[in-house]
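# Examining the three-dimensional arrangement
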Amino acid sequence: MKKTRLAVLVSGRGSNLQAIIDTIESGDLSAELAVVISDQAGAYALERAEKHGIAAMHVSAKGYKGRRDEYDALLAEKLRGENVELVCLAGFMRIITPTLIRAFPNRILNIHPSLLPAFPGLHVQKAALEHGVKFSGCTVHFVDEGMDTGPIIIQAVVPILDRDTEDTLSTRILKQEHVIYSRAIQLFAEGRLVVQGRRVVVSDGKTSTTEFLMNP
Ligand code: GRF
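The immediate surroundings of the ligand are formed by R13, G14, S15, N16, G91, I111, H112, P113 and E177. A distance of 2.5 Å separates an oxygen atom of the ligand from a polar side-chain atom of R13. The backbone of I111 places a nitrogen or oxygen atom 3.0 Å from a nitrogen atom of the ligand. Protein contacts shield 85% of the accessible area of the ligand, which totals 370 Å² for the unbound molecule. Contributing elements (two or more residues each) for the shell around the ligand: helix 1 (15-25) and strand 5 (108-112). When the residues that make up the shell around the ligand are grouped by side-chain class, the tally is two nonpolar, five polar and two charged.

Below, the structure written as structure tokens:
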């Protein structure tokens, strides 16, 4: 099977990037990492890429204040230059503009640490705890022009325990992020994701969940 050429956009530690690299290296993901791009010079994610011999680029956003679409046009140019077919945002701490989205229609994915549409935005594990929900989780979705609003591809659910702190909950969710991002990419690579309005239908998809979950 032909390998999908991926770019991963990051800003920080890059644990999701690492999970994607590891899944590719284990042979469970029909993708190759064309390039990792960070808007932050010191991002640990860049080091992770370099350690695995993957092209790593810092594309500084300095000088683009108030000109976000010019920055995104630059990103689009770099991504096209690497013949990227799928762009994965993984802790990329910038809101991307229609300039980038329209350059890769239905070809940009994002991972978010809540069960969207609950808790979009930032500090969402804290928000979930404060709200008192009994489950949270993570979501991989296509990126559209809203904030964390695009069609949902896959979600994983984790329980929230009475003793949870923001840290313990974040760690529990992150562990599932590392599973579902690669799974979403693999479904994309297999050409099995069909976007029908807001819904993403997985052709030949089988749900892997039980009938219901209850907590406590
Ligand atoms: C993850 O929690 C992801 O869901 C969110 O940013 C965090 C990035 O973590 N968008 P990492 O850089 O992949 O470790």
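From this point on, the discussion continues.
It is worth spelling out the nonpolar core at this point. V8, V36, V140, I153, Y181 and I185 are the most contacted members of the largest nonpolar core, which totals 41 residues. If you tally residues by element for this core, the top one is helix 6 (residues 166-189), at eight residues. Discounting residues that sit within four places of it in the chain, V36 has contacts with V8, V10, L17, L46, A49, I54, A55, A56 and M57. In this structure, Y71, I101, F104 and V143 belong to the second largest nonpolar core, which totals 21 residues.

With that settled, consider the packing of aromatic side chains. Applying the stated rule across the entire model yields one aromatic pair. Positioned above the aromatic ring of Y71 is the side chain of R94, whose terminal nitrogen or guanidinium carbon lies 4.2 Å from the ring centre.

A word on the pairing of strand 5. Here strand 5 lies mainly inside the structure; five of its five residues are buried. Residues I108, N110 and H112 point to one face of strand 5 and L109 and I111 to the other, with burial holding for every one of them. As paired elements, strand 4 (residues 86-89) and strand 5 share three bridges and run parallel to each other. Note on strand 5: the bridge partner recorded for C88 is L109. As a crossover connection, the stretch from strand 4 through helix 4 (residues 98-103) into strand 5 is right-handed. Pairing of strand 5 with strand 6 (residues 135-142) involves four bridges; the strand directions are antiparallel. Bridge pairing in strand 6 links I111 to V140.

How each quantity is defined
Residues numbered from 1 in each chain as written. Predicted model: local features only at pLDDT ≥ 70, side-chain atom pairs only at ≥ 80, totals over all residues. Heavy atoms only, no water. Near = heavy atom within 4 Å. Polar contact = N/O pair within 3.5 Å; in protein donor to acceptor, adjacent residues only side chain to side chain. Areas by Shrake-Rupley, 256 points an atom, 1.4 Å probe, with all protein chains shown as cover. Helix = DSSP H or I, 4+ residues; strand = E, 2+ residues; numbered from the N terminus. Nonpolar A, V, L, I, M, F, W, Y, C, P; charged D, E, K, R; others polar. Core = buried A, V, L, I, M, F, W, Y, C linked by side-chain atoms within 4.5 Å. Buried < 20%, exposed > 50% of the residue type's maximum accessible area, 1.4 Å probe, protein only. Contact = heavy atoms within 4.5 Å. Phe/Tyr/Trp six-rings, centres within 6.5 Å; stacked < 30°, edge-to-face > 60°. Lys NZ or Arg CZ within 6 Å of the ring centre and 35° of its normal. Pairing = 2+ DSSP bridges. Right-handed = clockwise from strand over helix to strand, strands pointing away.

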